[in-house]
Amino acid sequence: MFQIMSLHRLTLRLRPTVTHVRCLHSSGCVQQQEAVAVEPEPESLSVFRTQEKDPACHSDKHVGQFYTLPSEHVGPLFPDSLPWRYQQQMKTFNETCIMVRQPALEVISYLKKADYSQPALRYLFYGLKGTGKTMSLCHAVHFCYTQGWLVLHVPDAHLWVKNCKELLPSSYSSSRFDQPLQATTWLRNFKITNEPFLSKIKLKERYVWTKRESTEAGSSLGELVDQGISRVKSSSDVVGALMKELRLQSGQPGADFRLAVAVDGVNALWGRSTIKKEDKTDVDPEELTLVYNLRKLMKNDWSGGAIITTLSQTGSLYCPKSAYLPQDLLGERGFDSMDPFIPVSVPNYSEKEFESCYLYYMDRNWLQHPQSRTEEGKKELIFLCNRNPSMLEKLCGFL
């Protein structure tokens, strides 16, 4: 009885009581809003969920609430590029939900106000392990996608510097190495995400792959992508050519797109790799064709878009587990390359965010143990996870 009353009091305390603001048009909710008196949402829904699915309309009043990504967005925007544990949660809960949090709202507010005639601004999510940096990045990327941006997403840069199944000498530069399997996989995902742009964007330069094969200037971006997918050996160079074309065209007169470059685990670009050469020495990340070209894209010598990144301890090689600050994970080379950037701290859950997540797990029947649904059980979860989102999710998986 006590647990039911305590949850009821929590619901009453968190339930919105003010008039809601509803967007007239999802694409222009900043300009056009209508104050509408609406019926209160169902009690449980008003606590941890919001009906607002457009990231452009999210504001401080939605902080701590989960919003549901439309199914027609999830497949194209995140084709097999979400964290593995989150993908398992999606299948279990039969929905794709992201909590609206302040770090993502901060970056979205900057994206709305930025001057895109100036060099691209670099945003960097950082924080302790498991605080939700990747999900904040996904929230910001979803905003860009709904605004019609071209999204160049690298879901885990650390995968490019370790566990390489096939490493070939570059056909373009003798000092670099190609990773055809990683490049082909990335090109397939890029094609799915940016299908509308593939026929619209035309190449500015001619690219020669072999004595018999080339992609002419004026060809569509889709032809370039298909070249890399069908000719695996040249896929790494195709990725480089694609990044070069987007960098050169973005922000230029006649360019009908804005470019969002999103990289999870950007510190991998300046770290160390576990990939070995034939003589058993380590391959420097700069010697990898994919990393070499992605580093160029990290420079803000282009306009018409934004660079949104995260720092990641997971997979970060040869770094102390306690390191999380930009200067610690990027190192001197990486920090100098990214400077200046806008740092955005991602903390553990606040009290309100924890309560929201706790109620969400109960709503999804993820908490099966009877004690986990009591006030004492909730306090024990707080003690064990210290409101760390990743730790909370792992603990609740056993209950």
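Residues numbered from 1 in each chain as written. Predicted model: local features only at pLDDT ≥ 70, side-chain atom pairs only at ≥ 80, totals over all residues. Heavy atoms only, no water.

Q: Could you clarify how one ought to interpret the pairing of strand β5 (residues 121-126) in this entry?
A: The side chains of a regular strand alternate, first on one face of the sheet and then on the other. With five of six residues buried, β5 lies mostly within the body of the structure. Strand direction decides the pairing type here: β5 and strand β12 (residues 305-310), joined by five bridges, are parallel. When the sheet's bridge partners are listed, tyrosine 123 is paired in β12 with isoleucine 308. Two elements, β5 and strand β13 (residues 342-345), share four bridges in a ladder whose sense is parallel. In the sheet register, tyrosine 123 faces β13, and the bridge partner there is isoleucine 342. (Buried < 20%, exposed > 50% of the residue type's maximum accessible area, 1.4 Å probe, protein only. Helix = DSSP H or I, 4+ residues; strand = E, 2+ residues; numbered from the N terminus. Pairing = 2+ DSSP bridges.)

Q: What am I meant to see in the pattern of salt bridges here?
A: It is possible for side chains bearing opposite charge to pair when their charged atoms get close. The full count for this structure, using the stated rule, is 15 salt bridges. The closest approach of N and O atoms between lysine 244 and glutamate 205, which form a salt bridge, is 2.9 Å. Residue lysine 244 is found in helix α9 (residues 235-249), and its partner glutamate 205 is found in the loop between α7 (180-193) and β9 (207-208); the two are separated by 39 residues along the sequence. A residue is classified by how much of its surface remains accessible, and glutamate 205, at 29% relative accessible area, is partly exposed. Between glutamate 287 and lysine 277 there is a salt bridge, with the nearest N and O atoms lying 3.1 Å from each other. With a gap of ten residues between them, glutamate 287 in the loop between β11 (259-263) and α10 (289-298) and lysine 277 in the loop between β11 and α10 connect regions that are remote in the sequence. Among the residues examined, lysine 277 registers a relative accessible area of 25% and is labelled partly exposed. By sharing partners, the salt bridges in this structure join Arg49, Glu95, Asp363 and Arg364 into a single network. (Salt bridge = Lys/Arg side-chain N within 4 Å of Asp/Glu carboxyl O.)

Q: Would you take a moment to explain helix α5 (residues 102-113) for this structure?
A: The periodicity of an α-helix, 3.6 residues per turn, causes residues three or four places apart in sequence to face the same way. An ideal rise of 1.5 Å per residue puts 16 Å on twelve residues; α5 measures up with 17 Å between its terminal C-alpha atoms. For α5, the full list of buried residues reads Pro103, Ala104, Leu105, Val107, Ile108 and Leu111. Looking at the buried side of α5, the elements it contacts are β5, α6 (133-146), β12 and β13. (Expected span 1.5 Å × (residues − 1). Contact = heavy atoms within 4.5 Å.)

Q: How do you make sense of the packing of helix α12 (residues 351-363) against helix α14 (residues 389-396) when you look at a structure like this?
A: The description of two packed helices rests on the angle between their axes and on the distance between the axes. Packing of α12 against α14 brings their axes to within 12 Å, and their N-to-C directions diverge by 25°. By the angle class used here, α12 and α14 are roughly parallel. Considering only the axes of α12 and α14, their crossing is right-handed. Between α12, through Phe354, Cys357 and Tyr361, and α14, the contact on the second element is made entirely by Leu392, Glu393 and Cys396. (Axes fitted to C-alpha atoms, helices over the stretch in contact; angles between N-to-C directions. Parallel < 35°, antiparallel > 145°, perpendicular 65-115°, else oblique. Left-handed = near helix turned anticlockwise from the far one by under 90°.)

Q: Sorry, what's going on with the confidence of the model for the protein chain here?
A: Detailed reading of the predicted model is not advised wherever pLDDT is low. Looking at the protein chain as a whole, the pLDDT averages 87, with 88% of positions reaching at least 70. Across residues 30-44, confidence stays below pLDDT 50; counting only partners more than four residues off in sequence or on other chains, it has 24 contacts. (pLDDT = per-residue confidence, 0-100.)

Q: Would you mind showing me how to read unusual backbone geometry here?
A: Peptide bonds are trans in most cases, and residues, glycine excluded, mostly fall at negative phi. Backbone torsion omega between aspartate 339 and proline 340 reads 5°, so that peptide bond is classified as cis. Here proline 340 lies in the loop between α11 (326-338) and β13. Notably, asparagine 94 is not glycine yet its phi reads approximately 60°, a positive angle. Residue asparagine 94 is classed as exposed on the basis of its relative accessible area of 69%.

Q: How do you make sense of the nonpolar core when you look at a structure like this?
A: Side chains that are nonpolar tend, in soluble globular proteins, to be buried together. Of all hydrophobic cores here, the largest spans 54 residues; its most connected members are Leu152, Trp186, Phe190, Leu242, Leu246, Val266 and Met298. Contributions of two or more residues to this core are made by β5, β6 (150-154), α7, α8 (221-230), α9, β11, α10 and α11. It is α9 that provides the largest number of residues to this core, a total of six residues. Contact partners of leucine 246, with chain neighbours within four places excluded, come to Leu150, Leu152, Phe190, Ile201, Leu221, Phe257 and Leu259. Core analysis: the second largest hydrophobic core is formed by 33 residues, Val63, Tyr67, Val74 and Val151 among them. (Core = buried A, V, L, I, M, F, W, Y, C linked by side-chain atoms within 4.5 Å.)

Q: Would you mind showing me how to read the side chain of serine 356 here?
A: Locating serine 356 in the fold gives a position in helix α12. Exposure remark for serine 356: the relative accessible area of 2% places this residue in the buried category. Residue contacts for serine 356: discarding those within four places in its chain leaves Val47, Phe48, Gly64, Gln65, Phe66 and Met99.

Q: Would you explain the sheet that holds β6 in this entry?
A: Whether parallel or antiparallel, the strands of a sheet pair through hydrogen bonds between backbone atoms. The sheet built from five strands is open, its strands ordered β6-β11-β12-β5-β13 with parallel pairing. Of all the strands in the sheet, just β6 and β13 have a single pairing partner and so form its edges. Each adjacent strand pair in this sheet contributes to an overall mean axis angle of 15°, direction not counted. Bridge analysis of β11 against β12 gives five bridges, and the strand direction is parallel. Of the residues in β12, the one forming a bridge with alanine 260 is alanine 306. α6 contacts β5, β6, β11 and β12 of the sheet and is inclined by roughly 160° relative to β12. Each of β5 and β12 is contacted by α11, which is oriented at about 170° to β5, the strand it contacts most.

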